[in-house]
Number of protein chains: 2
Amino acid sequence: MARPRTTARTVEHPELSEVPLQQVLEALVDPVRRLVVSQLAGAAEDLSCGTFVAPVSLSTLTHHFNVLREAGVIRQYYVGTAKMNTLRTEEMELRFPGLLSAVLAAAAAEAEPSRPAR
Amino acid sequence: MARPRTTARTVEHPELSEVPLQQVLEALVDPVRRLVVSQLAGAAEDLSCGTFVAPVSLSTLTHHFNVLREAGVIRQYYVGTAKMNTLRTEEMELRFPGLLSAVLAAAAAEAEPSRPAR
DNA sequence: AGGCGGTTTCGATGGCGGTCGTACTATGAC
DNA sequence: GTCATAGTACGACCGCCATCGAAACCGCCT
């Protein structure tokens, strides 16, 4: 009956202009976090925390989401009990042009050893 | 006299196609190493190890040079007692397009808060 | 030859970050 | 209400890496 209205829980996000390069790089240097970011980039729509596949425990995954959010890489919001995630692609592009896209491209290229395109 | 021991000491460099993204990111995530890379990018010609300014000891600096070289970011060669350094810019561009340049641009932009030129 | 300046190696140290399990909270379904 | 589901907070552990000083090294110059 009652719809999953936008919930009360809110999440703090940094202003991207406040985030130093160091923090972004530290966020992207961890393989698990890069895995998360790649999955987000490849997804059609936002993903909830639970839908990610990573070789770590749930609590560790939560930690990684926090790091990514505090670095301004992702944006999070609650929908019911689910916490959704989305990349802050455009904002990052303004802050550090080409950085996130280059990392994503490199990660994608490495993931596919020898598959041209389709 | 003796043979072409022009520069007897040689240095091992990885093939860039062999270097994983992880290693490059790990190399670039350290602030001191990014400082080194920035100075190298801003220099007209190759620099010897001793000409770099960094808030660390010489032995630590040597360590950073090793990390950068093993990650394929820089190329090193001896000239007399001096060890020269140069960025492997083009090769890196082929391996991970846009990555190194984006990091360099971001670092440069952050270094100059709001100074067009002077 | 002998010294020197530049660079490296070695071993030790300290701190930080990724990892986990468990206990906990919050929301929605029944 | 109770239960189930989704995610979080906390504390502990552990390994790795940046750092250092001191000593060795290697060419070059006088």
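A brief report on the enclosed structure follows. For clarity, every value in this text was computed on a predicted model and none was experimentally measured.

Criteria and thresholds
Residues numbered from 1 in each chain as written. Chains lettered and ligands numbered in written order. Predicted model: local features only at pLDDT ≥ 70, side-chain atom pairs only at ≥ 80, totals over all residues. Heavy atoms only, no water. Helix = DSSP H or I, 4+ residues; strand = E, 2+ residues; numbered from the N terminus. Expected span 1.5 Å × (residues − 1). Buried < 20%, exposed > 50% of the residue type's maximum accessible area, 1.4 Å probe, protein only. Arc of directions from axis to C-beta. Contact = heavy atoms within 4.5 Å. Least-squares fit on C-alpha atoms with pLDDT ≥ 70 in both. Buried area = accessible area lost by both parts, 1.4 Å probe. Salt bridge = Lys/Arg side-chain N within 4 Å of Asp/Glu carboxyl O. Polar contact = N/O pair within 3.5 Å; in protein donor to acceptor, adjacent residues only side chain to side chain. Nonpolar A, V, L, I, M, F, W, Y, C, P; charged D, E, K, R; others polar.

## Notes on helix 3 (residues 58–70) of chain B
All names here are of chain B.
- End to end, helix 3 covers 18 Å across 13 residues, agreeing with the expected 18 Å (1.5 Å per residue, within 8%).
- For helix 3, every residue scored as buried is listed here: Leu61, His64, Phe65, Leu68 and Arg69. Projected down its long axis, helix 3 carries its buried residues within an arc of 135 degrees, all on one side.
- Of the surrounding elements, those touching the buried residues of helix 3 are helix 1 (21–29), helix 2 (31–42), strand 2 (74–79) and strand 3 (82–87).
- Just downstream of helix 3 lies Gly72, where phi reads positive at about 80 degrees.

## Observations regarding helix 5 (residues 99–111) of chain B
- When the terminal C-alpha atoms of helix 5 of chain B are compared, their 18 Å separation across 13 residues agrees well with the 18 Å that a helix rising 1.5 Å per residue should span.
- Every buried residue belonging to helix 5 of chain B is among Leu99(B), Leu100(B), Ala102(B), Val103(B), Leu104(B), Ala106(B) and Ala107(B), and all of these are buried.
- Packing partners of the buried residues in helix 5 of chain B comprise helix 1 (21–29) and helix 5 (99–111) of chain A together with helix 1, helix 2, strand 3 and helix 4 (89–95) of chain B.

## Here we look at the relation of the copies chain A and chain B
- Between the two copies, chain A and chain B, the superposition gives an RMSD of 0.1 Å; the rotation angle is 180 degrees and the shift along the axis is 0.0 Å. The transformation relating the two chain copies, once decomposed into turn and shift, fits a two-fold axis.
- A share of 100% of interface residues in chain A that are also interface residues in chain B marks the association as one of identical surfaces.

## Let's talk about the interface of chain A and chain B
- Taken together, the contacts link 20 residues of chain A with 20 residues of chain B.
- When the two sides are added together, the surface that chain A and chain B hide from each other amounts to roughly 1400 Å², 67% of it contributed by carbon and sulfur.
- When the buried surface of chain A facing chain B is broken down by residue, Leu21(A), Val29(A) and Glu110(A) rank first, second and third, together holding 32% of it.
- For the pair chain A and chain B, the number of links is two salt bridges.
- At the junction of chain A with chain B, the criterion picks out six residue pairs in polar contact (both at pLDDT 80 or more).
- Listing elements by their share of the side of chain A that touches chain B, those giving two or more residues are helix 1, helix 2 (31–42) and helix 5 of chain A.
- Taken together, the residues of the side of chain A that touches chain B sort by class into 14 nonpolar, two polar and four charged.

Coordinates in, geometry out; function isn't part of it.
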